[in-house]
Structure formats: C-alpha cells, structure tokens
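Residue strings, one per chain:
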Amino acid sequence: LILPLNMFRSTLLRLSTLLLVLPFILAQSQCSATQKCPASAPCCSEYGFCGTGSYCHQGCEPLHSNTLTSCRPNPLCQSQSTNFPADLDRLQLNATKYNGNATAYDWVVNAGYVVPTSDGLRLTLNKTNSGSKISSTKYIMYGQIDFTMQTSKWAGVVSAAITMSDVKDEIDWEWPGTATSEAQTNIWFLGIANYTNTLGQKVEMGTNTAEGFHTYTLNWQPDYLQWLIDGRVVRTINRADTLSSSGRYEYPSTPSRIQLSIWPGGIPASAQGTIDWAGGLIQWNEPEYTQNGYYWNTIKAVTVKCGPTANVTAGTRGWAYMGNTSLSVPYVAVTNASTMLSSAMRGVTSPLTLMGAISLVGVVLLGAVSSVL
C-alpha cells in the first residue's frame, strides 16, 4: 500500500492546514489572458495563480505568464509502454518533489494517492482527498495513446483518461457514475467546448466497463481524431469539420500531458447539472467503500506511440510556446532549453504547493471546481 504522509492526518488537521494557508492563497496574484504574472512570481499555474518553482512546469500557462520563457518547455514525447504496478518506480508519488526531469520519471501523482494491486494501479477517492490524478511527465503532440483500465462504478464518482495541454486543448474519455455500459467522449479547444462536436457523444459499450479491463484509445492525428474501444473505431472527428465562423480550426493542436483521474462529480459543492451527469450524490456507505476506505478505478497499462516531430535534432529537449497566430491560435517550436527547474527556482515553494494533496481543496474553495481534475 502506498500512501502519502498526509493520508494519515485527521480531517481536522487537514482543514486547519487549509485555513492556515488560505490567506496566502487569496493574496496570490491571479493570471489570465488580460492579466499576466509579475516578474516576482512569473509563472501562471494551471489553476490561474502566479508563482515560482513547481508553477513553472507541468501545466504552466505560457501565454498568461510574465514572458513566454517563464514556463519551462514541455518535454518531448517518447514512445513507451507503462505496465502497472510493475513500472511503479517510474511514478513520482509526490508532485512537489518533481523538478521537471522527464528522464527520471514517466508519471507524477498530482493529487490523492494510489494503491498497487495484482490487477494494476488503483486511483482512489475518499471523503477528504477530492480524488486522485496522475499525469505523464512527457507531452504528446499527435500520436496514439492506449489506456487499458477498469472504471469506477459508483454514483457520483467519475473516471477519466484525457490529454490536456498548457493552453487547455483537451481530448477526453470519461465514465460518469453508474453508467458502466457506456463511455463518453469530448474535445475542448483552448478550454472552450465546441458543443457541435461534444454534445451527447456517448458510446455504448455492450459490456460493463467496471467488471473487466478494456483498452480505450485516442488516435490523435493532425487531420483527424479517433476514439477506439478494444481496437474498434467508435467515433471520428475531422479537423476540417471544426472550422469556426472566425476562420480558425478549433481542433486540439498543442502539446499535451496524458492524465488519468478519479474525481467526485456528485458532491454538494458541484453544480446540479454536474451532479446529475455524474449519476447523483456520492453515497459513502457502499460496502466497497466501508471495507476499503475509498472508491477507485484501476489502470493496468498505458501505451504511447508518438507522432512525427518536425525539426528535432540532437539536444532537442522540448516544445516551447512562441505566441499566437493572427487567428489567436497558440503555436510551439522545438527547443534545446532545459525542461528542468533551476536550483534557484526549486528553492522557492508557494503556499499552495506546501499544501500537497489538500491543494485541490483550496482550489475548490476558490471556485475553480471545473478545473480541478
């Protein structure tokens, strides 16, 4: 069993810690498209706050940061397979210790805690941890990802396997609540849903997603995107079909982390629409929960096949954002700049980072529920 130290803290201690650091969080500068971070706290985190250290990699929003070079580059994709729990040594269990060295680790636990079993790696959800999320250390920009997994099955509990870029391009597999006979698919462009492409896109499984392992695939190419289940194509979106009235293609096209999570859609703090979509409020008295102390999904393997990367030469380490096109579409170029934090950057830790696994609670209280997992 692998548990972070704060898993053993009481609820009272967790809440006390939150109250202690909350004034510092509230005092942090916020960042957005119209308000960039100051030089003293140059990096805009994925949750929209300015800071240093871990704020400057994994989710750092370059276009909202002080300069385009404030965020560390996105580590280049590497074709590989991870099998859990055999490859557990490639998983950094504490995100606050990850310094951007993508050669040392393939995955980082961003929130919650994980439990290795003979079947795979369980991502867990309980009353106090707001769910669990792991992210790849390397980014992918086109290619294929195979997730072999078993979903959760309880009302209000959501499983997800997605790609997420630093500018909020997103491709989703999601499994909400007790709807274990279907899978749901979505795309987002710069954090904006194209409801023409996303609304009502459910895929009937013909089997139970929580009772057996299935392989869910994202085949993401420059001109088209496919979702596959056990090798069978169940949905296709063509880039050509995403042309907007403004003349731009609203199609995911930026380097993205691979993320797997379990999160609580069915809690009183959620919007009613989210609660309904997630299958209702979470019931904390289910036999599996009382026996184990958590709900879970199980990840057996993730296989990544990278797409071709232009202009990669010896020493190339990552992708760096260069700005926006005339149609406000972010674009990147390869770079040999280091993806790692400098020693000076590693020495500065923000109050939000210090909260560790309860940082998500602080984010929820600040009203960023939709961006947590």
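Source: prediction; values computed, not measured. (Residues numbered from 1 in each chain as written. Predicted model: local features only at pLDDT ≥ 70, side-chain atom pairs only at ≥ 80, totals over all residues. Heavy atoms only, no water.)

Novice: Even after reading the chapter, I still don't get the overall build of the protein, so can you show me in this structure?
Specialist: Secondary structure assignment for the protein yields seven helices and 22 strands. The buried share among the 373 residues of the protein stands at 54%. Counting only contacts in the protein whose residues sit at least 6 apart along the sequence, the fraction spanning at least 24 positions is 64%. Just so you have it, the protein exposes about 15800 Å², and 53% of that area is on carbon and sulfur atoms. (Helix = DSSP H or I, 4+ residues; strand = E, 2+ residues; numbered from the N terminus. Buried < 20%, exposed > 50% of the residue type's maximum accessible area, 1.4 Å probe, protein only. Contact = heavy atoms within 4.5 Å. Areas by Shrake-Rupley, 256 points an atom, 1.4 Å probe, with all protein chains shown as cover.)

Novice: Whenever I open this one, unusual backbone geometry confuses me. Can you help?
Specialist: Cis geometry marks the peptide bond from phenylalanine 84 to proline 85; its omega dihedral reads 0 degrees. For proline 85, the location among the structural elements is in the loop between β4 (80-83) and β5 (91-92). Of note, serine 130 is a non-glycine position whose phi angle comes to about 60 degrees, a positive value. Relative to the assigned elements, serine 130 resides in the loop between β8 (121-125) and β9 (132-136). Judged by relative accessible area, serine 130 falls into the buried class, the value being 17%. Unlike most non-glycine residues, tyrosine 142 shows phi in positive territory, near 80 degrees. For tyrosine 142, the location among the structural elements is in the loop between β9 and β10 (143-150). Residue class for tyrosine 142 comes out buried when judged on its relative accessible area of 15%.

Novice: Where do I start with the environment of tyrosine 47 in this structure?
Specialist: The topology assignment puts tyrosine 47 in the loop between β1 (43-44) and β2 (50-51). You can call tyrosine 47 buried: its relative accessible area is 18%. Remark: the alpha-carbon pair of tyrosine 47 and glycine 59, spanning 12 residues in sequence, is separated by 8.6 Å.

Novice: Whenever I open this one, the environment of serine 326 confuses me. Can you help?
Specialist: Summarising the element assignment, serine 326 is placed in the loop between β21 (318-324) and β22 (330-335). Overall, serine 326 belongs to the exposed group, its relative accessible area being 76%. Each C-alpha atom of the pair serine 326 and arginine 248 lies 9.6 Å from the other, and the pair is 78 residues apart in sequence.

Novice: Looking at this structure, I do not really get empty space enclosed by the protein. What am I missing?
Specialist: By rolling a water-sized probe across the atoms, one finds the places where empty space is left. Here the structure, examined in full by the defined rule, presents two cavities of 30 Å³ or more. What lines the largest cavity is Cys77, Gln78, Gln80, Asp106, Trp107, Ser136, Thr137, Lys138, Tyr139, Ile140, Ile258 and Val304. For the lining of the largest cavity, the class distribution of residues is six nonpolar, four polar and two charged. Taken as a whole, the second largest cavity spans an internal volume of roughly 60 Å³. (1 Å grid on protein atoms, 1.4 Å probe; cavity = no way out; pocket = protein on both sides within 12 Å on 5 of 7 lines; lining within 4 Å. Points joined across faces, edges and corners; volume = space filled by probe spheres on them. Nonpolar A, V, L, I, M, F, W, Y, C, P; charged D, E, K, R; others polar.)

Novice: Is there a simple way to explain the sheet that holds β22 in this structure?
Specialist: Backbone hydrogen bonds hold the strands of a sheet together, and the pairing may be parallel or antiparallel. Taken in spatial order, the three strands line up as β3-β21-β22 in an open sheet, and their pairing is antiparallel. Bordering the open sheet on either side are β3 (74-75) and β22, each of which pairs with just one other strand. (Pairing = 2+ DSSP bridges.)

Novice: Explain the state of the cysteines to me, please; I cannot follow it from the model alone.
Specialist: A covalent bond between the sulfur atoms of two cysteines is what we call a disulfide. Inspection of every chain in the model, using the stated rule, returns five disulfides. There is a disulfide in this structure between cysteine 31 and cysteine 44, and the S-S distance comes to 2.1 Å. What sets the handedness of the cysteine 31 and cysteine 44 disulfide is the S-S torsion sign, and at about 85 degrees it is right-handed. Of this pair, cysteine 31 sits in the loop between α1 (11-27) and β1 while cysteine 44 sits in strand β1; the two residues are 13 residues apart in sequence, bridging distant segments of the chain. Under the relative-accessibility criterion, cysteine 31 is labelled buried at 10%. (Disulfide = S-S within 2.5 Å.)

Novice: Before we go on, may I ask you to explain the packing of aromatic side chains in this structure?
Specialist: Here a ring pair, both rings aromatic, is described through the centre-centre distance and the interplanar angle of the planes. A complete count under the given rule lists 12 aromatic pairs for this structure. We note lysine 300 situated over the ring of phenylalanine 213; from NZ or CZ to the ring centre the distance is 4.4 Å. (Phe/Tyr/Trp six-rings, centres within 6.5 Å; stacked < 30°, edge-to-face > 60°. Lys NZ or Arg CZ within 6 Å of the ring centre and 35° of its normal.)

Novice: Please explain the pairing of β21 as it appears in this structure.
Specialist: Within β21, five of the seven residues are buried, which leaves the element mostly enclosed by the surrounding structure. In this structure, β3 lies alongside β21, joined through two bridges in antiparallel fashion. Paired with proline 75 across the two strands is glycine 318, which belongs to β21. Where β21 folds back on β22, the antiparallel hairpin that results is connected by five residues, among which serine 328 adopts a positive phi of roughly 60 degrees.

Everything listed here is a matter of geometry and, on its own, says nothing about what the molecule does.
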